[in-house]
Amino acid sequence: MGSMSGSEQKPRLAVLTPRFPLPLNKGDRLRIFHQLEELHRHFQVDLHCLTFRKISTEDLSAIQGRCEQVTVHKLNWWKAAFRLGWSVFSRRPFQVLLFTERHLVRSIRKEILNGQPDVLLAQMVRTAEYVKDLDAVPHVLDIMDTLHAGAEREAERAPWWKKPLLREEGRRLLRYEHRMPQYFDACTIISEQDRQLLPHPDKERITVVPNGVDTDFFHPEASPPPLEGAHHRQYDVSFCGNLGYAPNVVAARFLAQDVAPVFERITGRPLVLLICGAQPAAAVKALYSDHVDVIGDVADIRSAYLAAPIFVAPMLVNTGLQNKLLEAMALERACLTTTRALGALGIDVGDAVATANDASTFAAQIADLTLDEDRRMRMGRAAIQVVQTAFTWSAASAPLVGLLHNQARSFRAGRA
């Protein structure tokens, strides 16, 4: 942090998030955690976080260097359950109802304005109700992903009892995403692909702000500790992610139940698969077998990426830019994913990443990559070059910094 006089010259930025940025076990947390580091170079940052859980002293300390002040706003699970119970009388998305506690709206607005910000950044539509009409300060919404599209795709593969809820959430999100941008001075989104899925008529005015990757931490010469809980000496492929997140559950099951049998028919041997990540759902744990390891939280996720020469991300139902794909690319892995997940990168990566969209093609690509070490090496070298050129957090956050600076500059000029 610079001197006080230097710090005072920076515009003041208020940030509102639906969750505390730590631990880094979800995409929205990872995004804002690293964005805060970049934003703090250019702004005085006051961070406001909604949370259902108690925040540890260690996590509070870890975030302090990325902002001037941190304010935690505690949500109540019982009130959230009550709101969801009465959701039949509302048209708002379930997740917006879950995170919007009416009695907190006034106090959060008051605390934000007490900080006298020059601009406000709200993360995800889950926070929109708190600040959508806070016209006293320029306010920017990071839509992040087109959630309605993800809900619709998830409904296609969900159990019968879950389909109606997901379809209803998709309809509610579609309406919400259509009208919400008009309440904000500007909006951002994670990829061009997601921007095109938005139902809002002025979507071309929405700024694409991709995710990045910490290339110092995810570095091919990293030496993380041995993978905890691993039973197999050599894996063919790994898949990493939050294993309680529905799209990742779908991906893990697809790999183990659909791709693996085809691979065995092609090669005459089983596919040795590592599935690793936080909070594995029961459906993921059930995939464990003689040839499939399922490992939950590990001390260092790089151990899982590096445990196999090939990283496979069969993302079938969700939208957005995949952090897991960027991290594997930064570690020089040969990566295989869907065309939709690759398209979210928004740039032509050439032969750096392979694609497939069905079980047969995934299995054939994996079979080829397991036999062709030269191809794997070429892909790995090309992948790390893509990341270091376009997806460092500094490069990825530059459009956001510029947008917020412009909003703050206009606001200050209007007050002068």
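Residues numbered from 1 in each chain as written. Predicted model: local features only at pLDDT ≥ 70, side-chain atom pairs only at ≥ 80, totals over all residues. Heavy atoms only, no water.

Visitor: How should I be thinking about the pairing of strand β1 (residues 12–17) in this particular structure?
Guide: One face of the sheet, then the other: side chains in a regular strand alternate in exactly this way. Here β1 lies mainly inside the structure; six of its six residues are buried. Burial along β1 is two-sided: Arg12, Ala14 and Leu16 facing one way and Leu13, Val15 and Thr17 facing the other are all buried. In this sheet, strand β2 (residues 44–51) lies alongside β1 in parallel orientation, the contact comprising six bridges. Paired with Leu16 across the strands is His48, a residue of β2. With helix α2 (residues 27–39) bridging β1 and its parallel neighbour β2, the resulting β-α-β unit is right-handed. As paired strands, β1 and strand β4 (residues 119–123) are joined by four bridges and run parallel to one another. Paired with Ala14 across the bridge in β4 is Leu120. (Buried < 20%, exposed > 50% of the residue type's maximum accessible area, 1.4 Å probe, protein only. Helix = DSSP H or I, 4+ residues; strand = E, 2+ residues; numbered from the N terminus. Pairing = 2+ DSSP bridges. Right-handed = clockwise from strand over helix to strand, strands pointing away.)

Visitor: Just to check I follow, could you spell out the sheet that holds strand β8 (residues 237–240) for this structure?
Guide: Across a sheet, strands are paired by hydrogen bonds formed along the backbone, either parallel or antiparallel in direction. On the basis of which strands lie adjacent, the open sheet formed by six strands has the order β10-β9-β8-β11-β12-β13 and parallel pairing. The open sheet has two edge strands with one neighbour each: β10 (292–295) and β13 (353–355). The average undirected angle you get between the axes of adjacent strands in this sheet is 25 degrees. Across four bridges, the pairing between β8 and strand β9 (residues 273–276) is parallel. Each bridged residue has a counterpart across the sheet, and for Ser238 the counterpart in β9 is Leu274. Along the sheet, helix α16 (residues 359–371) makes contact with β8, β11 (310–313), β12 (334–337) and β13, crossing β11 at roughly 170 degrees. (Axes fitted to C-alpha atoms, helices over the stretch in contact; angles between N-to-C directions. Contact = heavy atoms within 4.5 Å.)

Visitor: What exactly am I supposed to notice about the packing of helix α14 (residues 323–330) against helix α17 (residues 373–390) here?
Guide: Helices that pack against each other are described as a pair by the angle of their axes relative to one another and the distance between those axes. At their nearest, the axes of α14 and α17 sit 7 Å apart, and the two run at 115 degrees to each other. α14 and α17 meet at a crossing whose hand is left-handed. The residues of α17 that touch α14, namely those facing Leu326, Met329 and Ala330, are Gly380, Ala383, Ile384, Val386 and Val387. Among the residues making up the contact of α14 with α17, the classes are represented as seven nonpolar, one polar and no charged. (Left-handed = near helix turned anticlockwise from the far one by under 90°. Nonpolar A, V, L, I, M, F, W, Y, C, P; charged D, E, K, R; others polar.)

Visitor: I tried to follow α16 on my own but got confused; where do I start?
Guide: The periodicity of an α-helix, 3.6 residues per turn, causes residues three or four places apart in sequence to face the same way. In this model, α16 (13 residues) spans 19 Å end to end at C-alpha, consistent with the 18 Å of a helix rising 1.5 Å per residue. Of all the residues in α16, the buried ones are Ala359, Phe362, Ala363, Gln365, Ile366, Ala367 and Leu369. Packed against the buried residues of α16 are β8, α11 (246–267), β11, β12, β13 and α17. The distance from a side-chain oxygen at the start of α16 to the backbone nitrogen of Ser360 is 3.2 Å, and the residue carrying that oxygen is Asp358. (Expected span 1.5 Å × (residues − 1). Polar contact = N/O pair within 3.5 Å; in protein donor to acceptor, adjacent residues only side chain to side chain.)

Visitor: How should I be thinking about the sheet that holds strand β6 (residues 186–189) in this particular structure?
Guide: Pairing is parallel across the open sheet formed by seven strands, whose spatial order is β3-β2-β1-β4-β5-β6-β7. Looking at which strands have only one partner, the edges of the open sheet turn out to be β3 (69–74) and β7 (207–208). With six bridges connecting them, β2 and β3 associate as parallel partners. Within β3, the position partnered with Cys49 by the bridge is Val72.

Visitor: I would appreciate a short explanation of the pattern of salt bridges in the present structure.
Guide: Pairs can form between side chains of opposite charge once their charged atoms are near each other. If you walk through the whole model with that rule in mind, you get 19 salt bridges. In this structure, Asp118 and Arg412 form a salt bridge, with 3.4 Å as the shortest nitrogen-oxygen distance. Note that Asp118 is positioned in the loop between α6 (102–114) and β4 and Arg412 in helix α18 (residues 393–415), a separation of 294 residues in sequence. Among the ionic pairs, Glu192 bridges to Arg195, the shortest N-O distance being 2.5 Å. Pair noted here: Glu192 and Arg195 are both in helix α10 (residues 192–197), with a separation of three residues, about one helical turn. Owing to a relative accessible area of 30%, Glu192 belongs among the partly exposed residues under this scheme. (Salt bridge = Lys/Arg side-chain N within 4 Å of Asp/Glu carboxyl O.)

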